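# Inside the fold
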Amino acid sequence: MTVQIDSLAIGTDNADIATADVDQLFDEVSTLDATILDAIARRTRLARTLAAATPDATESDQAADPYADLGNDGHVFSRMLSRLAQITR
């Protein structure tokens, strides 16, 4: 007895298109990652400069957390950025 399932068959044309789409998405994610890393490095330098220029400023002087919309992940991200700015190299 032979069973044929046509709905699960993927032609090579569809597979090539899917691979191209995935490769494009990976490229886009890589580009975004590089942009994000550059922005974090710049933000860290600016935050350190601000901290040096305003040594008596406290965290309560800051505006509302801009990452609050991300929920707990936003809070963690905000703390990580803060820690990066405090690390001296």
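Below or above, wherever it landed, is the structure these notes cover.

What counts and how
- Residues numbered from 1 in each chain as written.
- Predicted model: local features only at pLDDT ≥ 70, side-chain atom pairs only at ≥ 80, totals over all residues.
- Heavy atoms only, no water.
- Helix = DSSP H or I, 4+ residues; strand = E, 2+ residues; numbered from the N terminus.
- Buried < 20%, exposed > 50% of the residue type's maximum accessible area, 1.4 Å probe, protein only.
- Areas by Shrake-Rupley, 256 points an atom, 1.4 Å probe, with all protein chains shown as cover.
- Phe/Tyr/Trp six-rings, centres within 6.5 Å; stacked < 30°, edge-to-face > 60°.
- Expected span 1.5 Å × (residues − 1).
- Arc of directions from axis to C-beta.
- Contact = heavy atoms within 4.5 Å.

## Examining the overall build of the protein
- A count of helical and extended segments in the protein gives two helices and zero strands.
- Here the protein, with 89 residues, has 6% of them falling under the buried criterion.
- Taken as a whole, the protein presents about 8,000 Å² of accessible surface, with 57% of it coming from carbon and sulfur.

## Topic: the packing of aromatic side chains
- The final tally for this structure, using the stated rule, is one aromatic pair.
- With 5.0 Å between their ring centres and 90° between their planes, Tyr67 and Phe77 make a pair best called edge-to-face. With Tyr67 in the loop between helix H1 (12–53) and helix H2 (72–86) and Phe77 in helix H2, the pair connects residues that are ten residues apart, well separated along the chain.

## Things to note about H2
- A rise of 1.5 Å per residue sets the reference length of H2, with its 15 residues, at 21 Å; its end C-alpha atoms lie 21 Å apart and thus fit the reference within 8%.
- Turning to H2, its buried residues are Gly74, Leu81 and Ala85. Projected onto a plane normal to the axis of H2, the buried residues spread over an arc of 40° and lie on a single side. Facing away from the buried side of H2, by more than 90 degrees, are the exposed residues Asn72, Asp73, Arg83 and Gln86.

## Let's talk about the side chain of Thr44
- Relative to the assigned elements, Thr44 resides in helix H1.
- With relative accessibility at 7%, the residue Thr44 sits in the buried group.
- When residues no more than four places from it in sequence are discounted, the contact partners of Thr44 are Leu84 and Ala85.

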